[in-house]
Structures are given as structure tokens and as C-alpha cells.
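# Summary of the model geometry
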Amino acid sequence: MAERAKRRVTKTKTKTKNVVGASEFGQQKISFAEWMEHRPKMQLPRRYRKSSLFEYPVVTLRDMVVYPGTVVPLFIGREKSIMAVEAAERDDAPILAVAQTDSSIEDPGKGDIYTVGTEVFIDRSLRMPDGTLSVLGQGGQRVVVRKILRTEPYIMALGYPVPPSYDISSTDSGSVEEGFLEAMRRTVLDMFEKMVQTSQEIPEEAYINALNATTEGTLADFVASVLDLPVEQHQQIMEIIDPVDRLFEVSKLLGREVEVLELESQIHSQVQREMDKTQREYYLREQIRAIRHELGEGDDFQDLEGLRDKLEASGMPDEVRKKADKELARLASMPPAIPEVSIIRTYLDWLTDLPWTERTEDNLDIAHAAKVLEENHYGLKKVKERLLEYIAVRKLAGNKMHSPILCFVGPPGTGKTSMGRSIATALGRKFVRVSLGGIRDEAEIRGHRRTYIGSMPGRIIQTMRNAGTTNPLFMLDEIDKMGADFRGDPAAALLEVLDPEQNFSFMDHYLDVPYDLSKVIFITTANTLYTVPPALEDRMEVIEFPGYIEEEKVEIALRFLMPRQLREHGLKPGDVNFSRNAIQHVIREYTYEAGVRNLERNIATIIRKLARRLAEGKSIPGRVDADSLQKYLGPPQYNFGEVEDNNEVGVATGLAWTEAGGDTMPVEVLLMPGKGGVTMTGQLGDVMQESAQAALSYARAHSEEFGFGDLDFEKIDIHIHVPEGAIPKDGPSAGITMATALISALSQRPVKKDVAMTGEITLRGRVLPVGGVKAKVMAAHRAGIKTVVLPSKNKKDLVEVPKKSLRALKIVLVSNMEEVLDIALLPKEEISEGGTGVAD
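The sections below set out a description of the structure shown in this document.

With that settled, the discussion passes to the overall build of the chain. Secondary structure summary: the chain contains 29 helices and 24 strands in total. Per-residue burial for the chain yields a buried fraction of 46% across its 840 residues. When contacts within the chain are restricted to residue pairs at least 6 apart in sequence, those whose partners lie at least 24 apart make up 74%. For the chain, the exposed surface amounts to about 42,900 Å²; the carbon and sulfur share of it is 50%.

Strand direction decides the pairing type here: strand 3 (residues 95–99) and strand 4 (residues 116–127), joined by 3 bridges, are antiparallel. When the bridges of strand 4 are listed, alanine 97 appears paired with threonine 118. Where strand 4 and strand 5 (residues 133–150) come together, 10 bridges link them in antiparallel fashion. Looking at the pairing, isoleucine 122 lines up with glycine 137 of strand 5. Hairpin connection, strand 4 to strand 5: the antiparallel pair is bridged by 5 residues, and glycine 131 has positive phi, about 95 degrees.

In this section: a positive patch on the surface. Taken together, Arg764, Arg766, Lys793 and Lys796 make up a surface patch of like positive charges. With respect to the helices and strands, the residue lysine 796 is situated in the loop between strand 23 (787–791) and helix 28 (803–808).

This brings us to the pattern of salt bridges. Applying the stated criterion across every chain yields a total of 32 salt bridges. Across the pair arginine 446 and glutamate 442 runs a salt bridge whose closest N-O atoms are separated by 3.4 Å. Residue class for glutamate 442 comes out partly exposed when judged on its relative accessible area of 26%. Each of Glu327, Arg330, Glu340 and Arg450 takes part in one network of salt bridges that share partners.

On inspection of all chains with the given rule, the structure shows 7 aromatic pairs. Among the aromatic residues, those joined into a cluster by ring pairs are Tyr698, Phe706, Phe708 and Phe713. Over the face of the ring belonging to tyrosine 154 we find arginine 150, whose NZ or CZ atom lies 5.1 Å from the ring centre. Looking at arginine 450, its charged tip hangs above the ring of tyrosine 347, at a distance of 3.8 Å from the centre.

Let's shift gears to the environment of alanine 808. If you trace the backbone, alanine 808 turns up in helix 28. Assessed through its relative accessible area of 41%, alanine 808 is described here as partly exposed. For the pair alanine 808 and lysine 786, spaced 22 residues apart in the sequence, the C-alpha separation amounts to 7.5 Å.

Pairing is parallel across the open sheet formed by 5 strands, whose spatial order is 8-9-12-7-13. Edge strands, defined here as strands with exactly one partner in the open sheet, are strand 8 (431–435) and strand 13 (541–544). When the angles between neighbouring strand axes are averaged without regard to direction, this sheet yields 20 degrees. Two strands pair when backbone bridges link them, and strand 8 and strand 9 (residues 473–477) are joined in this way by 5 bridges, in the parallel orientation. If you follow valine 434 over to strand 9, its bridge partner there is leucine 476.

Side chains of Leu263, Ile267, Val271 and Met275 sit close together on the surface and give an oily, nonpolar patch of about 370 Å² of accessible area. Among the secondary structure elements, methionine 275 is positioned in helix 9 (residues 243–295).

Strand order in the open sheet formed by 7 strands is 18-19-17-16-20-23-24, and the pairing between neighbours is mixed. Strand pairing shows two members of the sheet lacking a second neighbour, strand 18 (678–681) and strand 24 (810–814), which therefore form its edges. Ignoring strand direction, the axes of neighbouring strands in this sheet form an average angle of 25 degrees. Of the strand pairs in this sheet, strand 17 (residues 661–673) and strand 19 (residues 716–721) are connected by 6 bridges, and their pairing is antiparallel.

So, about the environment of proline 457. In this structure, proline 457 sits in the loop between helix 16 (443–446) and helix 17 (459–467). Taking the C-alpha atoms as reference points, proline 457 and tyrosine 347, separated by 110 residues in sequence, lie 9.5 Å from one another. Once you skip the residues sitting within four places of it in the chain, proline 457 turns out to touch Trp350, Gly447, Gln462, Asp508 and Tyr510.

Here we come to the layout of surface pockets. The calculated volume of the second largest pocket comes to roughly 610 Å³. Along its surface, the second largest pocket is lined by 28 residues, and His377, Gly415, Ser418, Arg564 and Val596 are the ones closest to its centre. Taken together, the elements giving at least two residues each to the lining of the second largest pocket come down to helix 13 (366–376), helix 15 (416–427), helix 20 (550–568) and helix 22 (597–615). At 7 residues, the largest contribution of residues to the lining of the second largest pocket is made by helix 20.

Moving on, we get to helix 17. Within helix 17, the full set of buried residues consists of Ile460, Ile461, Thr463, Met464 and Ala467. Projection of helix 17 onto a plane perpendicular to its axis shows the buried side chains occupying an angular sector of 165 degrees, all on one side. Following helix 17 by one or two positions, glycine 468 adopts a phi angle in the positive range, close to 80 degrees.

Between helix 14 (residues 381–397) and helix 15, the least distance of the axes is 12 Å, while the angle of their chain directions is 30 degrees. Regarding the angle of helix 14 to helix 15, the classification is roughly parallel. Considering the relative orientation of helix 14 and helix 15, their crossing is right-handed. Of the residues in helix 15, those in contact with Val383, Leu387, Tyr390 and Ile391 of helix 14 are Met419, Ile423, Ala426 and Leu427. In terms of residue class, the contact of helix 14 with helix 15 is built from 8 nonpolar, no polar and no charged.

What counts, and at which threshold
- For every chain, the first residue of its written sequence is number 1, and the numbers climb from 1 along that sequence.
- Confidence filtering applies because this is a predicted model: local features only for residues at pLDDT of at least 70, side-chain atom pairs given and counted only at 80 or more, and all residues used for totals across whole chains, interfaces and linings.
- The basis for every side-chain value is the complete set of heavy atoms in the structure, and neither hydrogens nor water enter the calculation.
- To qualify as a helix, a DSSP run of H or I must reach at least 4 residues; to qualify as a strand, a run of E must reach at least 2; elements of each kind are numbered from the N terminus.
- Exposed residues in this analysis have more than 50% of their type's maximum accessible area, buried residues have under 20%, and partly exposed residues fall in between, with area computed by a 1.4 Å probe over protein chains only.
- Two residues form a contact once any of their heavy atoms are found within 4.5 Å.
- Note on areas: Shrake-Rupley with a 1.4 Å probe; residue coverage comes only from the protein chains shown.
- By definition, two strands form a pair when at least two bridges between them are found by DSSP.
- Like charges within 9 Å and nonpolar side chains (Val, Leu, Ile, Met, Phe, Trp, Tyr) within 5 Å are joined into patches, using only residues over 30% in relative accessible area that form no salt bridge.
- Whenever a carboxyl oxygen of Asp or Glu lies within 4 Å of a side-chain nitrogen of Lys or Arg, that contact is scored as a salt bridge.
- Under this rule, positive means Lys or Arg and negative means Asp or Glu; His and the chain ends count for nothing.
- A charge is said to be at NZ when it belongs to Lys, at CZ for Arg, at CG for Asp and at CD for Glu.
- Pairs were defined over the aromatic rings of Phe, Tyr and Trp, the Trp ring being its six-membered one, requiring ring centres within 6.5 Å. Orientation was assigned from the angle between planes: stacked under 30 degrees, edge-to-face over 60, tilted for the rest.
- Both a distance and an angle decide whether a charge sits over a ring: NZ of Lys or CZ of Arg must be within 6 Å of the ring centre and within 35 degrees of the ring normal.
- The angle between two axes is taken between their N-to-C directions and runs from 0 to 180 degrees, where each axis is a line fitted to C-alpha atoms and a helix contributes only its stretch in contact.
- Put plainly, a pocket is an open set of points on a 1 Å grid over the protein atoms alone with protein on both sides within 12 Å along at least five of seven lines, a cavity is a set where a 1.4 Å probe fits but cannot get out, and a lining residue has an atom within 4 Å of a point.
- Grid points are joined across faces, edges and corners, and a volume is the space filled by probe spheres set on the points.
- It is the directions from the helix axis to the C-beta atoms whose arc is reported.
- Orientation labels follow simple angle bins: below 35 degrees gives roughly parallel, above 145 gives roughly antiparallel, 65 to 115 gives roughly perpendicular, and whatever is left gives oblique.
- Left-handed describes a crossing whose near helix is turned anticlockwise from the far helix through less than a right angle; right-handed describes the clockwise counterpart.
- In the scheme used here, Gly and all other residues not listed as nonpolar or charged are polar, with Ala, Val, Leu, Ile, Met, Phe, Trp, Tyr, Cys and Pro taken as nonpolar and Asp, Glu, Lys and Arg as charged.

Below you can see the structure in the form of C-alpha cells.
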């Protein structure tokens, strides 16, 4: 066998071929990455691969790989593998050990083994009592399998061996390449030494064997055989024929393994130190306890008497007191060094710190409450009336009624949170607030159970402790911005909190005892109810906070915002005054909002600039008017609706509602030669596009009545456009406006420039009611409109419109489209300049 192995090794010492000439790189400085990319690669000539083919009996391996040059014991139990070993022993030949691609396959075939394995020379084989075979073998060369010759009675493969003596460092590549190879070799040896020193499973002799490796391939194979890697990664290393590439891949795997071992060592050392520290503390505490006992000072370490006194004074219900006494008894029986002592102590502190009987007396003076609300807020009549009604009922019924649970819904900046604070002031209650925006964990509301480390009560109980009374005004802000994920739904946890029939025994997971929330006035706030679950919305009394109209913003600015900004900027009330006209221009040209936050910021900007001039010793104007706004705020940022200049064909003025209030919205229609197409532009939503289709269908159905019955719709295109295309628009309220503009363009009758309208249209021409009437009428008045067309069923909404606007406008209530056209359209001969409505 030795002679045959020697003959085969001599035969495989054949020429190797370089892809790139190494001498090209020896003349210049290159980086390691460049060298690895362009260096000569080991490639066996095709002639060699054909002439060096040998037949091998194959032993398939499960969950292991045999590397060249390693001594490996094999325990063989499958019949085919045993027959392959016996055949190799008869022929005095090596076996080919190849790993299976899937270890669960009992009888692997041609496609179930890898294509690179190792020839193993059998040194000793023993038949075991159970019929299996124990083989001790020596790994020889790598073998690349070219073909499976047969699978019965055992697997026979045809392959060629890879020369083990190939060493890239022996080529004529120059000193640069030799330096890189030496550096890589040293790096691998250094990391392997660290691994041997850190790991307790690798013997020190392994490092000595690595030092004696003569070639890069031998070193890579030996180190890889020691690494604890999955079979797939071992096989990847086996299939890297080039020894330098193989050594580089092993160095990367070795580096990761060393990092993991070092981290394990650090963790073990840290755990050991913590254990030693805990034992030392326990020993010292026991000594202190014994010394105090000998001195007769007693064991006051846990201050049990102080806790017992707090429990007596807390006034908690009997059920809760029973639970607290049980925990106190457990605490008294525990050694102080046990970690659970601090957990029980913290729990008892929470129970004693909570308000169980403390409460504030409500101020039920209705006149006082009305005065406080008027001083702090302008408008918002519904909210003020609801509070005064509550005070009146409380005054008559006493404590029999449930506390109200209100939900303030409205755009940002409309005073929802500040109204809650004012209500607390009017009632004489403590005000506490919790922001629910972004909460996704149910435990934020109900708390964590005490089994978890670092557990604590939820935000409801935490805030009640901060309030110090059982009847505060509790504001849950941004209730519409809660989320839900795998940790639970906080909105579901709030169902118990906001239900008067359940919240008298609210159960927090941490406390695990009932707590009475029935005396609390809960007020929630939201910008929209779309994201609030229906079950939660049903438990609350919803009060809408509509956006402020312009007149209300002017009053708020003059009464509240301007005095507050003067005070915050160190100016006296008489130093600067704003004209009403100036405030109106700031609202119209520098803000676009439903609330007043940006309005206050602009007022603060003006006052800040004036304060700077005053601090520099310069004089400041005593009055800010509309003409001086650009000096302080720059050019206007927004445009507000204005009446059209001329009576035009195909242009009608509609009225729209936005979160920033009402506004005018012109609708333009243009006809042009075409093929009957309809184009809609201006970022129109689905509902608005449907309204346009309904208006067009109505116009075509009544073409004879409106004077364009002879018009061939198949030969014209219609373009409907709503200006300010960057702003999305939707809703049905522009239906009659679109119909008016369409009929105007088709009949060539101009639309009156001082008429504005709003209403939904049906295919039969009926006009249906819409929302936002107050804001729309106010916008028409502000824009200089003379006549406003409204659906007749919106007559009830005119009660909310200021009388000043009603006196300045002519309000026309309509129920069908014919009435709208009679008011809005002029006769055909009264066309103004520039208003043809038809493309030439």
C-alpha cells in the first residue's frame, strides 16, 4: 500500500498553471485585497485531470467531513459502506470519504453526496459485536469526483486527486507575495493560539501541530478540522482547491470563533464576580444582624413598624388591607439578602402611596365656573354648557351621579387640552394628564405583573399616585394615536377605565387589587374618531371642537394671545397694540390652520422683533397695522378666496370646508373639439369625480331645456378643472357648482361673479344638504360674495352663522338644480369680456 501511495503522489506532482503572471505584481506596491484578486490561482491542467483519474470505493459520511492529513476514527454501520471498506482492504487501496448533502437519507444515491471528498488510507479496522465496523484511517489527498460508476453493491466513484504539495509561496511571484503569505500565516497562527488558550476543549498539542504545517493548504486543513462548524461550512472549505484562498477563508471563520470564545470568557468571569459579590454581601449582612442582636438594638433593617403605620393611616379597603398585611408578613419572615425583599417593599410602598380616601371638594358655584371658562376661552359654547350642566346636576343630586367621561374631538390647536385644565380650575380639582400617542403595549395601561424584573404599575395608577386625590380631572390626550401589536391593544385596556359600570374596581396587573376610579372625571382628546375603536367611542360623550372662524381667531388674538406674548417678552400691555385689520391679515395671509398656534407664533415673531429694537435703545411703533406686516413677517404665505373679476362662461364659485375653515373654490369648465372625452384635474378624489359625472349626466339629459340640444357630445372634449392642484380635494358638496359651470359652458351663458354655492346634486337634479355651512358662509362673506346658494335642508344650520354675516349676504335656499341656474346664470347675450368658455 505504501508503494502504491508513493507512486500516486509522484504521479500527481505535475505542472500547475497560473491565471496571471506573478512577475507583473512584484514591481509595484499593491494592497492585500488587490493581491488576493489578481494573484496566481491554482488550476490543474485538463490533461492532468483526464490522466489522473482513479476508481475509489466510497464511504458516505453523515454530519462530518474528513480533511486531508488528519487521523480520523470512523464508525461504519451501513452495509454498503462496510462492503466498500472490505473491498479497499482486499485491493490494498484507500477509500473515498465523502459527506452526504442530507444526513437523513439512509441509502444515498448519485445526487445525494458532495463532489469533493478525501481519500482515507485504512490503518486498522475492527468488527464490533453489533455488526458495525470501527476504522482508524489517515486522510490523504483531496479528491474531486467526476462520475459515480455504480451504486451496487457499494458506491464506486471515478475521481482525480488534488496535489497536496502545491504551494503558492514557491512560485516566482516575488517578495511582495511572500510577505502577504507570511503575514496571513502568522495571523492564522496567532488567532489559533488565542483559541487554544481560551477554549478548554482543544489540547495545547494542536497549536504545536499547526506550527509544523509546511504549506498554506496543510495549515488551512488542520485548523479547519479543529473548528466547530456546520457540515455545510466544512464542505465549502473542502471545495476550495486553491490553498491560499482556503487559508484566507479559514482565517475569517477563525476570527469569528475567537471573538465568540472571548465573549464567553468575559461573560463567565462577570457571572463569577457577581456571585462572589452576592455571597460577600450576604455574609456581611448576617454579621451586622448578629451584632445588632447582641447589642439589643433589634432588627430595624426593614423598618416593618414604619410600613405598618403607613398601612394603618392609608385608609385602604378591607380587601386591599388583607393583601397588604399578607405581603408584610412575608417580608418580616425573609432574610434581608433575598432579592424578593426589595420587590415586596416596593409593592407595599405603591399601596401606601396611592390615594384611597383623600379627595378635594368640588366648587359647585355655577357663576364662578362660567367666569373661569369665559376668562380662559373664547367661544366653545357647547363645552361650557356641558360643564355648567354637570355642576348644576351635582349641586342637586350630590354624589349619586356618575362622573362624566367626555371626548373632545377637533383639529390641532383648537384648545382641547387647555379647556380640560380650565375645567379642573373651575371645579377646584387636581389636573393630571397622560399622553397616549404612540402607545402600543397594553401593559402601559394595566401595568406589568410582579413576576417580571423591573415591573411597575401602568400609567393610570402612576398618575393617580401623582394626583394624590381620588377625584382628579384626568385627561387622556391623543387617544386616537394609540397602536396595537403583539404586546396587546391598549385601547381594549381602556374599555374598563372609561366605563362607569366597571371602573369602580379597576384591576392593575401590578397591584392585583381593585382600585376605585369612579370619582375621576375622565376627558379624552382626539383629532379624529376614525382610528378610535367603536366600543371605546361608545363609552364616551363626544363633544366636537370645530375649527375657529376668522372672527373668533381675531378675538382670541386680541384677548389672549397678544397679552400673553407681551408678558412673555418683557413688554407692558401699553407698549404695543395690534389693529384688528392687522390680525385679520395675519390670519388670512400668514396662517392656514383650524386652531391658533401658528397665529400665536406670528404674533410672537412681531413682538420679538420689536423687543429687540427696544433692547437696543431704539424706538418702536406703538401700533402694528396691516401695512407694516411685510416688514416683520415677510411677503404673504397664503392666498384667501376672493370674488371673480368678471362674469364668465364656464366658471362657477363653490364653497369648501377645510380643517383651516371655509374657503371659496372656483370650478372651471372648458370645451374643445374632440371625441367625447371628459378630463378632470386638480387632485379630485373619487367622490368629487363621481359628483362631476352626475352633473354631466344631468346636463346632457336636460340639454333641450338648457338650449344646447343640437350639440354633438361625440365631437367635443370637456375639461373640468379645480384650481390649486397641489391640494387634494374630495366630497360631494361641489356637485351643484360643477353642474352650474358645465351648463354655463355648454349653453354659453355666463355665471354671476358674486354668486357662490354649495350642495350635492343627484341625477334627477335634486340638491341635497352638506356640512360645514357656518364656515362656508363666513368664507363667502370674507371674499366679498353677495349671494350664497344653499340646500333648503341646511336652513337649520344658519342659526350658528353670525348675524353680521347673515345681514351682509343674500341667502337663497334651493331644492333643485333649476332654481340654482335661475339664480346663478345670466342670459346668453350678457357675456363679459374674456369669458367665452370655448377653445378656438
